[in-house]
Amino acid sequence: MKQNTNFIRKKIGDKAIISSVVKANAFGHGIETFVPMAEKAGIHHFSVASSFEAREVSQVCSADSTIMIMGILYDEDLEWVIKHKIEFFVFDIPRLKKAREIAEKLGIKARIHLEVETGGNRTGLERSSLKDALTLLKNNRKHLQFEGFCTHYAGIESLSNQFRIVQQQQTFNELAKVVEKAGLTPKLYHTACSAAALAFPDTVMDLVRIGTAQYGMWPSPDIYNLHLQQTGKSKDAPLKRVLTWKTNIMHTKEVEKGDYVGYGTNYQSKTKMRIAVLPLGYSNGYPRALSNKGVVLIRGKKAPVVGLINMNVFMVDISHIPEANVGDEVVLIGRMMKQVIGIRSFTEVTNAINNELVSRLPAAIPRYAVK
Ligand SMILES: *Cc1c(COP(=O)(O)O)cnc(C)c1O
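Residues numbered from 1 in each chain as written. Predicted model: local features only at pLDDT ≥ 70, side-chain atom pairs only at ≥ 80, totals over all residues. Heavy atoms only, no water.

Participant: Would you mind going over the packing of aromatic side chains with me for this structure?
Facilitator: Given two aromatic rings, one states the distance between the centres and the angle between the planes to describe the pair. Summed over all chains, the structure comprises 9 aromatic pairs. A ring pair is formed by W245 and Y286, whose centres lie 6.0 Å apart and whose planes are at 45 degrees; its orientation type is tilted. Residue W245 is found in strand 9 (residues 245-248), and its partner Y286 is found in the loop between strand 11 (273-278) and strand 12 (295-298); the two are separated by 41 residues along the sequence. Like Y286, W245 is buried. (Phe/Tyr/Trp six-rings, centres within 6.5 Å; stacked < 30°, edge-to-face > 60°. Helix = DSSP H or I, 4+ residues; strand = E, 2+ residues; numbered from the N terminus. Buried < 20%, exposed > 50% of the residue type's maximum accessible area, 1.4 Å probe, protein only.)

Okay, structure coming up:
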């Protein structure tokens, strides 16, 4: 994680703040585990998708860390958010008015990041509302602190989408001029996510919002290839997967030739074999699509999935690993001796993207920070 942070830092230069995006339970890594780790790596800014997640971060982060909500924030949470000096995106006038009202009531400034629409058509304040928002900010300086002016790119990790990104950048610059003309100066301008920060230096402003890269995942093959082009290397591995996922063998069993394994007739043994039963399934985030396709590592060897992935159980073939036994460590994602199972080996089968696989790992799985 430290190495990933250093790599990102090298790419963006000394100036910009790195905001660690820890939405979706820190991309499945666990907010409780990941946030203190990130702080040890020098990060003191965290971005989340909701006030619910902001609460989770606030329970584990240090007092000098900043939390920024990029998404859903219900009116009933605004008071807590403002009181705790949590920053938040504003993309419509009603939220700005409500924030002003509550900030005034509390006598504490609301810390606003105006997120503007630049062409992504997700969240983002419409150009037609910008003047009103700026007027509100200007007339309520006592209650509204203009922390940031920002936007989000709609698919900057894909080179074929660059025409849209260029338009978004132009629009953002135009809108920034409107802010300037209104005599307002936000503390921070920010637009960059991982892909932007890694490959497009002109998107790096005062702060970058880094999710996927911090966890050691390249945003896309395009961005990895751009990195190779920019550095003149033929291959490079500056980003390291932070997450390892392990279980252990719950039970072993001898299976006669011709027997079926698990539910239905999905897998029939071709020979006498030995299988290991593992205590997890699709409810624990192991995709059902890996039925008869996945691979795990036991005693440093690959053991293929046999039969269907059940809700809480699945089986693997250990006929070729006679030393395997109940209690043995099983690697689902990660390295064991010379073998590695990457996140990509899952997503190639399931069509999921890396972020989807990791962010869906249930919060109930115990997580440990290890060195
Ligand atoms: C998720 C998100 C990010 C982080 O994106 P990555 O590609 O994972 O770095 C940044 N900004 C916003 C608004 C987001 O929703």
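Participant: Please clarify how the sheet that holds strand 7 (residues 188-190) should be interpreted in this entry.
Facilitator: In a beta sheet, neighbouring strands pair by backbone hydrogen bonds and run either parallel or antiparallel. With parallel pairing, 8 strands are arranged side by side in an open sheet as 7-6-5-4-3-2-1-8. The two strands at the open ends of the sheet, each matched to only one other strand, are strand 7 and strand 8 (207-210). The average angle at which neighbouring strand axes cross in this sheet is 30 degrees, direction not considered. Both strand 4 (residues 87-90) and strand 5 (residues 110-115) contribute to a ladder of 3 bridges, which runs parallel. Paired with F89 across the bridge in strand 5 is H113. Strands in contact with helix 1 (residues 2-12) are strand 1 (17-21) and strand 8; relative to strand 1, the strand with the most contacts, it is inclined by about 135 degrees. Across the sheet, helix 4 (residues 51-60) is in contact with strand 2 (45-50) and strand 3 (66-72); its angle to strand 2 comes to roughly 145 degrees. (Pairing = 2+ DSSP bridges. Axes fitted to C-alpha atoms, helices over the stretch in contact; angles between N-to-C directions. Contact = heavy atoms within 4.5 Å.)

Participant: Sorry if this is basic, but what is going on with the packing of helix 5 (residues 75-83) against helix 6 (residues 93-106) here?
Facilitator: Two quantities define a packed helix pair, namely the angle between the helix axes and the distance between the axes. Close contact between helix 5 and helix 6 brings their axes to 10 Å; oriented N to C, the two are set at 50 degrees. As the angle between them shows, helix 5 and helix 6 are arranged oblique. Considering how the two elements wind past one another, helix 5 and helix 6 form a crossing that is right-handed. Within the contact between the two elements, helix 5 uses D75, L78, E79, I82 and K83 and helix 6 uses K98, A99, I102, A103, K105 and L106. Class assignment for the residues of the contact of helix 5 with helix 6 results in 6 nonpolar, no polar and 5 charged. (Parallel < 35°, antiparallel > 145°, perpendicular 65-115°, else oblique. Left-handed = near helix turned anticlockwise from the far one by under 90°. Nonpolar A, V, L, I, M, F, W, Y, C, P; charged D, E, K, R; others polar.)

Participant: How should I be thinking about the nonpolar core in this particular structure?
Facilitator: For soluble globular proteins, nonpolar side chains are generally found buried alongside one another. Counting 116 residues, the largest nonpolar core has F88, L114, F149 and Y286 as its most contacted members. Both domains that meet at this core, namely domain 1 (2-231) and domain 2 (245-359), each give it at least three residues. Non-local contacts of F149, meaning those with residues more than four positions away in its chain, are made with L114, V116, L130, F172, L175, A176, V179, P186, L188, Y189 and H190. (Core = buried A, V, L, I, M, F, W, Y, C linked by side-chain atoms within 4.5 Å. Domains from an automatic or database assignment.)

Participant: Help me understand the site of the ligand in this model?
Facilitator: Taken together, V21, K23, F27, M70, R122, H152, C193, S194, R209, I210, G211 and T212 make up the full set of residues near the ligand. The side chain of S194 places a nitrogen or oxygen atom 2.5 Å from an oxygen atom of the ligand. Protein coverage of the free-state accessible area of the ligand, which is 390 Å², stands at 91%. If you list the elements that add at least two residues to the shell around the ligand, you get helix 2 (23-27) and strand 8. When the residues that make up the shell around the ligand are grouped by side-chain class, the tally is 5 nonpolar, 4 polar and 3 charged. (Near = heavy atom within 4 Å. Polar contact = N/O pair within 3.5 Å; in protein donor to acceptor, adjacent residues only side chain to side chain. Areas by Shrake-Rupley, 256 points an atom, 1.4 Å probe, with all protein chains shown as cover.)

Participant: How do you make sense of the packing of helix 4 against helix 5 when you look at a structure like this?
Facilitator: The interhelical angle for the contact between helix 4 and helix 5, taken along N-to-C directions, is 30 degrees, at an axis separation of 10 Å. If you check the angle between helix 4 and helix 5, you find them roughly parallel. You can see that helix 4 and helix 5 cross each other, and the crossing is left-handed. For the pair formed by helix 4 and helix 5, the contact residues are S51, A54, R55 and S58 on the first element and D77, W80 and V81 on the second. Considered class by class, the residues forming the contact of helix 4 with helix 5 number 3 nonpolar, 2 polar and 2 charged.

Participant: Explain the pairing of strand 1 here, please?
Facilitator: Strand residues, when the strand is regular, have side chains that alternate between the two faces of the sheet. For strand 1, the tally of buried residues reaches 4 of 5 residues, placing the bulk of the element in the interior. Pairing geometry for strand 1 and strand 8, over 4 bridges, is parallel. Each residue of the ladder has a partner; that of I17, found in strand 8, is L207. With 2 bridges joining them, strand 1 and strand 2 adopt parallel strand pairing. Across the sheet, S20 pairs through a bridge with F46, a residue of strand 2.

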